[in-house]
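Read off the chains here:
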Amino acid sequence: MKSLYNVHTIWLLMMLLTAASYFVGDLGKGGWLAMLFVLVAAFIKGVFIIRDFMELKGVSLLWRAIMYGWLWVVCISISIAYFVSV
Amino acid sequence: MMNPSASSKPEAKLLPGDLAIWFFIFMELLVFGIFFIIYAVMRIENIELFNEYQQTLNRELGLANTLLLISSSYFVVRAVQAIRHNNVASCIHWLYAALAGGTGFLILKSLEYHDKFSAGISLSTNTFYMFYLSLTLFHFLHVVLGMLILFAVAIKAKRGAYSSVNHTGVETAASYWHMVDLVWIILFPLVYIIR
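Residues numbered from 1 in each chain as written. Chains lettered and ligands numbered in written order. Predicted model: local features only at pLDDT ≥ 70, side-chain atom pairs only at ≥ 80, totals over all residues. Heavy atoms only, no water.

Looking at this structure, how should I read the overall build of chain A?
Helix and strand counts for chain A stand at three helices and zero strands. Moving toward the C terminus, one meets the helices and strands of chain A in the order α-α-α. Its C-alpha atoms put chain A at 40 × 35 × 15 Å along the principal axes. Burial analysis of chain A (86 residues in total) assigns 43% to the buried set. Taking as baseline every contact in chain A between residues at least 6 positions apart, the subset at least 24 positions apart corresponds to 62%. Counting every atom, chain A has about 4500 Å² of accessible surface; 77% of that belongs to carbon and sulfur. (Helix = DSSP H or I, 4+ residues; strand = E, 2+ residues; numbered from the N terminus. Buried < 20%, exposed > 50% of the residue type's maximum accessible area, 1.4 Å probe, protein only. Contact = heavy atoms within 4.5 Å. Areas by Shrake-Rupley, 256 points an atom, 1.4 Å probe, with all protein chains shown as cover.)

Looking at this model, I keep getting lost on helix α6 (residues 127-158) of chain B. Mind explaining?
Because the α-helix completes a turn every 3.6 residues, residues three or four places apart line up on one side. Spanning 32 residues, α6(B) covers 46 Å between terminal C-alpha atoms, matching the ideal 46 Å at 1.5 Å per step. Two residues or fewer past α6(B), B:Gly160 is found with a positive phi of approximately 85°. (Expected span 1.5 Å × (residues − 1).)

Whenever I open this one, the interface of chain A and chain B confuses me. Can you help?
Many analyses report the size of an interface as the accessible area lost when the parts associate. Every contact between the two is made by 44 residues of chain A and, on the other side, 45 residues of chain B. Together chain A and chain B conceal approximately 3900 Å² of surface at their shared face, both sides included; 78% is due to carbon and sulfur atoms. For the interface between chain A and chain B, the tally reads one salt bridge. Scanning the region where chain A abuts chain B turns up twelve residue pairs in polar contact (both at pLDDT 80 or more). Among the elements of the structure, α1 (7-28), α2 (32-53) and α3 (61-85) of chain A are those that each provide at least two residues to the side of chain A that touches chain B. Residue contributions to the side of chain A that touches chain B peak at 14 residues, all from α3(A). A per-class count over the side of chain A that touches chain B returns 28 nonpolar, eleven polar and five charged. (Buried area = accessible area lost by both parts, 1.4 Å probe. Salt bridge = Lys/Arg side-chain N within 4 Å of Asp/Glu carboxyl O. Polar contact = N/O pair within 3.5 Å; in protein donor to acceptor, adjacent residues only side chain to side chain. Nonpolar A, V, L, I, M, F, W, Y, C, P; charged D, E, K, R; others polar.)

It is not clear to me how the pattern of salt bridges should be interpreted in this structure. Could you clarify?
One side chain can pair with another of opposite charge once the charged atoms of both are near each other. Inspection of the entire model under this criterion finds five salt bridges over all chains. For the salt bridge of B:Glu171 with B:Arg84, the shortest nitrogen-to-oxygen distance reads 2.7 Å. With B:Glu171 in helix α7 (residues 168-193) and B:Arg84 in helix α4 (residues 59-84), this pair connects stretches of sequence that are 87 residues apart. By relative accessible area, B:Arg84 is classed as partly exposed at 31%. Each of A:Glu55, B:Arg84 and B:Glu171 takes part in a single network of salt bridges with overlapping partners.

Sorry if this is basic, but what is going on with α7(B) here?
Residue and element names in this part refer to chain B. Between its first and last C-alpha, α7 extends 37 Å over 26 residues, near the 38 Å set by a 1.5 Å rise per residue. If you look at α7, its biggest bend is around 30°, right at Leu-187, and the proline Pro-189 turns up within four residues after that. Among the 26 residues in α7, 24 count as buried, and that is most of the element. (Bend = angle between axes of the 7 residues up to and from the residue.)

Here it is, written out as structure tokens:
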């Protein structure tokens, strides 16, 4: 049996995560839990793009650190800024 | 006797595509990253204004654009896979599919801008719109550039420039296009959803 983890399922998963983020943001009318869900979904999609679409899995640690580091710094900064404002 | 190569660590893979594009990608991400953080910090000081005017954005168009860019990125992955199997025709088809996704994005974004500009909204309307317009317009220009690169690669592929052993150009274009997608993945929730 072929692995379920492939670019096709990743694409579908990213589409579902995007739709879920939209509905959570729309129905939740804000709130820290909705914000956390939306940001975690964005982070997961970012990991998929870096790891599987950009094919950075297995490249030198330096390149991966730059890409994943960017994603971490941006997501954590947005989270901190959000929690400071509530 | 042990084979010395057997005990050594496996060598790290090289970055796909041309190394120069990666330095360009890192610079672009740095600029967008700073922009995102400034937006988040400015939002703290203008929380009510940001929440109020965020409601005026068309989230459905934002959602559709996100789905278009993710799909377009996936089509580019398929184009790279096709050329690695020496399937030039399939590679070209997937590149055109990715370009169609990019075109859809530009059309929807233009409709959104038309809506805002015809309502008299500009960069000087307020802080929220200054960020919304400058961030999304900056990204819009990157989509245009990414599409030009994809189109150039599709034309070169049609002329037989790429094969299973020589496809650095396809990988280079793909890497840039994925960066455009990655930036939108953060921009969409930050500007359209989080409140």
